[in-house]
Amino acid sequence: MRKFPFSVQILLGLVLGAALGYVARAGDVAWLGTTLGTIGDLFVQLLKLAVPPLVFTAIVVSIVSLRGVANAARLALKTLMWFAITALIAVSVGIGLGLLTNPGRGVTLDVAGAAPPKKTGSWTDFLTGIIPTNPIGAFVENNVLQIVFLAVVTGAAALVVGKAAEPFVTLNRAVLEIVQKALWWVIRLAPLGTLGLIGHAVEAYGWDLLAPLAKFTTAVYVGCAILLVVVYPLVLITAGRLNPLRFYAGAWPAIELAFVSRSSVGTMPVTQRAVERLGVPREYASFAVPFGATTKMDGCAAIYPALAAIFVAQVFGVPLSPVDYLLIAFVSVVGSAATAGLTGAIVMLTLTLSTLGLPLAGAGLLLAIDPILDMIRTATNVAGQALVPTVVAAREGTLDRTAYDEAGRRGIDEPEPEPTKVAPEPVPAAA
């Protein structure tokens, strides 16, 4: 398999998985469906296993690394600004598409039998949930948002302490390298994980289940496609003076892995390597990519909740006012950290529904097809997470444009070239 590029391996896994899933469903082969589901679940479980140490150490190291970056504060502000700008564009696309397609109109579902999901979000829960009552518990419960808070505080403190904190920072760098190496081994299993995840999705979610929600599912995929094919290329061209084809050639392995794994955080090592190969300085990439993986969610926190809110409102017969649409945009731009890079966007959706006063049971109507939707949402998330640091670096004049143009010519799994060694200058002889 190593003779094939990584992206081709994933594509082969996708095609074979879809074929096996169809066989399992059409032929009612229970053991095959169970096997595919187990393979996919194990792959995702391995990715999630690395999330707590990866997020904590990556953010601590990235914040400390800002010490060696010129104009670090300005870079951080510009990164957050572009996060907000692209999120606002994304939610506008979602709202516009929802008004155009009316995804909930004419849908006949058992509304009486719908129940709120087990995990719901509100502004109170979101704000109070940032600060953990027990720091160990945040890691045990895999609460990414609380881990991010702890990492930001710890990294900022280490940055201020300076030299005395170097042993701690060195330890974090070592742990980060170890976790990334172990996670890279897991990522090498992505073709097999793709086979299991796609196969299980085809076997479990047939057309009978998707048919009533076909319009909504199509709207989500079309909305994400508009971002990927129209909005992001326009941002690259107008804001960065960059060739979009080169960008996607370099970022494609991360986008592809995100589609099948449904985890922005699990994809983070591939995203960071892709961003660095696109010519973004490593010091800045090590800051922007971890923060993007936990807070930049154009698919899960913008396109999806906008369309889902309109869908739920139409199914339950609740009219939405212009103020409601403004609230959807506000929640998408400000509350996107609630998704925190985990698979699924239920917390973000319930946060949006509760803000609009819509029944939370509406989220239960969409749970059955959430894995199908989460694939394209996560791929869009990761594309946006790679886009912003690339654009910011281009606007700051720090992007290596030669590397950008050549980013897609080598596979993402090929080793990095050795840095060029500069011979020391000769010491002048004493007079």
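Above this text you will find the structure in question.
Below: a short report on this structure. (Residues numbered from 1 in each chain as written. Predicted model: local features only at pLDDT ≥ 70, side-chain atom pairs only at ≥ 80, totals over all residues. Heavy atoms only, no water.)

This part covers the overall build of the chain. Along its length, the chain carries 20 helices and zero strands. Taking all 431 residues of the chain together, the buried fraction comes to 54%. Summarising the internal contacts of the chain: among those between residues at least 6 apart in sequence, 84% fall at separations of at least 24. When the accessible surface of the chain is totalled, it reaches about 19300 Å², and 67% of it is carbon and sulfur. (Helix = DSSP H or I, 4+ residues; strand = E, 2+ residues; numbered from the N terminus. Buried < 20%, exposed > 50% of the residue type's maximum accessible area, 1.4 Å probe, protein only. Contact = heavy atoms within 4.5 Å. Areas by Shrake-Rupley, 256 points an atom, 1.4 Å probe, with all protein chains shown as cover.)

It is worth spelling out the pattern of salt bridges at this point. Where charged atoms from two side chains of opposite charge approach closely, those side chains can pair. Tallying each qualifying case throughout the model produces seven salt bridges. With a closest N to O distance of 2.8 Å, Lys296 and Asp298 form a salt bridge. Assigned by exposure class, Lys296 and Asp298 land together as buried. If you follow the salt bridges from partner to partner, you end up with Arg262, Asp370, Asp374 and Arg377 in one network. (Salt bridge = Lys/Arg side-chain N within 4 Å of Asp/Glu carboxyl O.)

This part is about the state of the cysteines. The tally for this structure, following the rule as stated, stands at zero disulfides. There is no disulfide at Cys224, and the cysteine sulfur nearest it, in Cys300, is 8.3 Å away. A relative accessible area of 2% means that Cys300 is categorised as buried. (Disulfide = S-S within 2.5 Å.)

In this model, Asn102 sits at a positive phi of 50°, which is unusual for a non-glycine residue. Relative to the helices and strands, Asn102 resides in the loop between helix H4 (72-101) and helix H5 (123-128). The phi dihedral of Arg241 is positive, around 55°, even though this residue is not glycine. Looking at where Arg241 falls in the secondary structure, it is placed in the loop between helix H11 (214-240) and helix H12 (244-261).

Its location among the elements puts Ala182 in helix H8 (residues 166-187). Spatially, the C-alpha atoms of Ala182 and Leu46 are 9.9 Å apart, while their sequence positions differ by 136 residues.

Right, let's get into helix H7 (residues 144-161). With 18 residues, H7 ought to run about 26 Å at 1.5 Å a step, and its terminal C-alpha atoms sit 25 Å apart, in line with that. If you check which residues of H7 are buried, you get Val144, Leu145, Gln146, Ile147, Val148, Leu150, Ala151, Gly155 and Ala158. Looking one or two residues past H7, Gly162 carries a phi angle of roughly 80°, positive in sign. (Expected span 1.5 Å × (residues − 1).)

For Ala76, the location among the structural elements is in helix H4. Overall, the relative accessible area of 17% leaves Ala76 in the buried class.

Bringing the nonpolar core into the picture now. Among the nonpolar cores identified, the biggest contains 113 residues, and Phe216 and Phe247 are the most heavily contacted of them. For Phe216, the residues in contact, after removing those within four places along its chain, are Pro103, Tyr304, Leu307, Ala308, Phe311, Leu366, Ile369 and Leu373. Of all hydrophobic cores here, the second largest spans six residues; its members include Met297, Cys300, Met348 and Leu351. (Core = buried A, V, L, I, M, F, W, Y, C linked by side-chain atoms within 4.5 Å.)

The next thing to look at is helix H9 (residues 190-204). End to end, H9 covers 20 Å across 15 residues, agreeing with the expected 21 Å (1.5 Å per residue, within 8%). Against helix H1 (6-26), helix H2 (30-49), H8, H12 and helix H19 (370-396) lie the buried residues of H9.

In a packed pair of helices, the relevant descriptors are the angle between the two axes and the axis-to-axis distance. Helix H16 (residues 322-334) packs onto H4 with a crossing angle of 145° between their chain directions and a minimal axis gap of 9 Å. For H4 against H16, the interelement crossing comes out right-handed. Here Ala84, Ala87, Leu88, Val91, Ile95 and Leu99 of H4 lie close against H16, whose contacting residues are Tyr325, Ile328, Ala329, Ser332 and Val333. Here the contact of H4 with H16 is composed, by residue class, of ten nonpolar, one polar and no charged. (Axes fitted to C-alpha atoms, helices over the stretch in contact; angles between N-to-C directions. Left-handed = near helix turned anticlockwise from the far one by under 90°. Nonpolar A, V, L, I, M, F, W, Y, C, P; charged D, E, K, R; others polar.)

Time to look at a nonpolar patch on the surface. On the surface, Leu46, Leu49 and Leu189 cluster together to form a nonpolar patch covering roughly 290 Å² of accessible area. Within the secondary structure, Leu46 is located in helix H2. (Patch = residues over 30% accessible without salt bridge, like charges linked within 9 Å, V, L, I, M, F, W, Y side chains within 5 Å.)

This part takes up the side chain of Gln385. Along the chain, Gln385 falls in helix H19. Those residues within four positions of Gln385 in sequence are excluded, and the remaining contacts are Ser264, Gly292, Ala293, Lys296 and Met297.

Enumeration according to the criterion identifies five aromatic pairs in this entry. Where Phe56 meets Phe139, the ring centres are 5.6 Å apart and the plane angle is 65°; that geometry is what we call edge-to-face. Here the residue Phe56 occupies a position in helix H3 (residues 51-65), and Phe139 occupies one in helix H6 (residues 135-140), the gap between them amounting to 83 residues. When its relative accessible area of 29% is taken as the criterion, Phe139 is described as partly exposed. Geometrically, the ring pair formed by Phe247 and Tyr248 is edge-to-face, given 5.2 Å between the ring centres and 75° between the ring planes. One exposure class covers both Phe247 and Tyr248, and it is buried. Between the NZ or CZ atom of Arg273 and the centre of the ring of Trp184, over which it lies, the distance is 4.2 Å. Over the aromatic face of Tyr304 sits the side chain of Arg377, whose NZ or CZ is 4.2 Å from the ring centroid. (Phe/Tyr/Trp six-rings, centres within 6.5 Å; stacked < 30°, edge-to-face > 60°. Lys NZ or Arg CZ within 6 Å of the ring centre and 35° of its normal.)

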